[in-house]
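Understanding the architecture of this molecule
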Amino acid sequence: MGKVIEKIALERGHEISARVSSQQPKESFDLSDTDVVIEFSRPESAIENIEYCLANNLPAVIGTTGWYDEFDRLEKLCSSSHGAFLHATNFSLGVNIFFHLNKVLAKIMNNQQDYSAEVVEIHHTEKLDAPSGTGITLCEGIIDETDQYDHWKNVKKSQIDNEQALSIESLRLPEVPGTHEVKWSSTIDTIELKHTAHNREGFGLGAVVAAEWILNKQGVFTMQDVLKF
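Summary of the structure given here.

The rules behind the values
Along each chain, residues carry numbers from 1 onward, in the same order as the chain's sequence is written. pLDDT decides what is reported in this predicted model: residues at 70 or higher carry local features, side-chain atom pairs at 80 or more are listed and counted, and totals for whole chains, interfaces and linings draw on all residues regardless. Note that the side-chain values use all heavy atoms of the structure and ignore hydrogens as well as water. We call a residue buried when its accessible area falls under 20% of the maximum for its residue type, exposed when it is over 50%, and partly exposed in between, using a 1.4 Å probe and counting protein chains only. Only DSSP runs of H or I reaching four residues or more are called helices, and only runs of E reaching two or more are called strands; each is numbered from the N terminus. Strands pair, by our definition, only if DSSP identifies at least two bridges between them. Axis lines are fitted through C-alpha atoms, for helices just across the contact stretch, and the angle between N-to-C directions can take any value from 0 to 180 degrees. With the strands aimed away from the viewer, a crossover counts as right-handed if its path from the first strand over the helix to the second runs clockwise. Any two residues whose heavy atoms approach within 4.5 Å are treated as being in contact. Side-chain atoms within 4.5 Å are what join buried Ala, Val, Leu, Ile, Met, Phe, Trp, Tyr and Cys residues into a set we call a nonpolar core. Expected helix span is computed as 1.5 Å times (number of residues minus one). Criterion for a salt bridge: a side-chain nitrogen of Lys or Arg within 4 Å of a carboxyl oxygen of Asp or Glu. Residues enter patches when their relative accessible area tops 30% and they take part in no salt bridge; the joining distance is 9 Å for like charges and 5 Å for the nonpolar side chains Val, Leu, Ile, Met, Phe, Trp and Tyr. Under the convention used here, a 1.4 Å probe and the Shrake-Rupley method define accessible areas, while residue burial counts only the protein chains that appear.

**Considering the pairing of strand S4 (residues 116-123)**
In terms of burial, S4 is largely enclosed, as seven of its eight residues are buried. By the bridge criterion, seven bridges tie S4 to strand S7 (residues 179-185) in an arrangement that is antiparallel. Bridge assignment links Ser-116 to a residue of S7, and that residue is Ser-185. Pairing analysis gives six bridges linking S4 to strand S6 (residues 165-172), with the strands arranged parallel. The residue of S6 that forms the bridge with Glu-121 is Ser-170.

**Comments concerning the sheet that holds S4**
Strand order in the open sheet formed by five strands is S5-S6-S4-S7-S8, and the pairing between neighbours is mixed. Of all the strands in the sheet, the pair left with one neighbour each is strand S5 (151-153) and strand S8 (190-196). Each adjacent strand pair in this sheet contributes to an overall mean axis angle of 20°, direction not counted.

**Brief notes about the pairing of strand S3 (residues 84-87)**
Successive side chains on a regular strand alternate, one facing one side of the sheet and the next facing the other. Residues Ala-84 and Leu-86 line one face of S3 and the alternating positions Phe-85 and His-87 line the opposite face, and both faces are buried. In terms of strand pairing, strand S2 (residues 60-62) meets S3 through three bridges, oriented parallel. Looking across to S3, one finds that Ile-62 is bridged to His-87. On the question of chirality, the crossover connecting S2 to the parallel S3 by way of helix H3 (residues 71-80) is right-handed. Here S3 runs beside strand S9 (residues 219-221); their pairing, made up of three bridges, is parallel. Bridge assignment links Phe-85 to a residue of S9, and that residue is Val-220.

**Side note on the side chain of Glu-181**
Residue placement: Glu-181 occurs in strand S7. If we skip the residues at most four places from it in the chain, Glu-181 touches Glu-118, Val-119, Val-120, Leu-193 and Lys-194.

**Brief notes about the nonpolar core**
Val-119, Ile-142, Tyr-149, Leu-166, Val-182 and Trp-184 are the most contacted members of the largest nonpolar core, which totals 19 residues. Sorting elements by how many residues they give to this core places helix H4 (residues 93-109) first, with six residues. The contacts of Trp-184, once residues within four sequence positions are left out, are Leu-105, Ala-106, Met-109, Tyr-115, Ser-116, Ala-117, Ile-142, Thr-146, Tyr-149, Asp-189, Thr-190 and Ile-191. Counting 18 residues, the second largest nonpolar core, distinct from the first, contains Ile-8, Ala-9, Phe-221 and Val-226.

**Section: H4**
For H4, which comprises 17 residues, the first-to-last C-alpha distance of 24 Å matches the rise-based estimate of 24 Å (1.5 Å per residue) to within 8%. The set of residues buried in H4 consists of Val-95, Asn-96, Phe-98, Phe-99, Asn-102, Leu-105, Ala-106 and Met-109. Residues of H4 that are buried in the fold lie against helix H5 (133-145), S7, S8 and helix H7 (223-227).

**A few points about the pattern of salt bridges**
Going through the model one piece at a time under the given rule, you end up with 14 salt bridges. Between Glu-212 and Arg-12 there is a salt bridge, with its nearest N and O atoms 2.8 Å apart. You can see Glu-212 sitting in helix H6 (residues 201-214) and its partner Arg-12 sitting in the loop between helix H1 (2-11) and strand S1 (37-39), a full 200 residues away along the chain. Using a relative accessible area of 31% as the deciding quantity, one classes Glu-212 as partly exposed. Residues joined in a network through salt bridges with shared partners are Lys-7, Glu-11 and Glu-201.

**Observations concerning a nonpolar patch on the surface**
Side chains of Ile-97, Leu-101 and Phe-229 sit close together on the surface and give an oily, nonpolar patch of about 270 Å² of accessible area. Turning to its location among the elements, Ile-97 is positioned in helix H4.

Laid out in structure tokens, this is it:
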């Protein structure tokens, strides 16, 4: 993702002030002229990186997932330091439109008791986490808008043994940037929402757009703020 983001940022007229990695840690750079940090790393690194950005008055765009157990603490830290960070489980503009449509559909389906929902997410075999953060966000959107579900389980729908559990199935296949499906099925028919990423360009573009947007702002934001949903 770092290479994709750098390519898009340069194409949009920005300069790269630092390329942070395990070989070149952030402490080895002078970031005094840096306007925004885009963070795509690992969960165990993201928390420390967010804290560092807040302590150094660096607005941050956070693409890493798996750190949300610390969200409330970091949100308070952001407020007390008058800082800014923007987080998303997926920065693709199309996926964030998909998130919005998912919630709208779920709200409609809440009155259709003959239908049941499921989420399927498909990624490349190198993806380490399952389910994907995008898949979890889709599940949370359905749970928020319906009375039927109160939690999700990372199993096939046929393996669900609790009517209040929403199924999210994870598949790992070669050369798949990311596909997410939401299905509402009855004995009569199935309604499907589907997003298919053709490459990683969309994720990188969304992150750079978010970085452009957060400049000179204070607070904690999401892509919904950027896209004005």
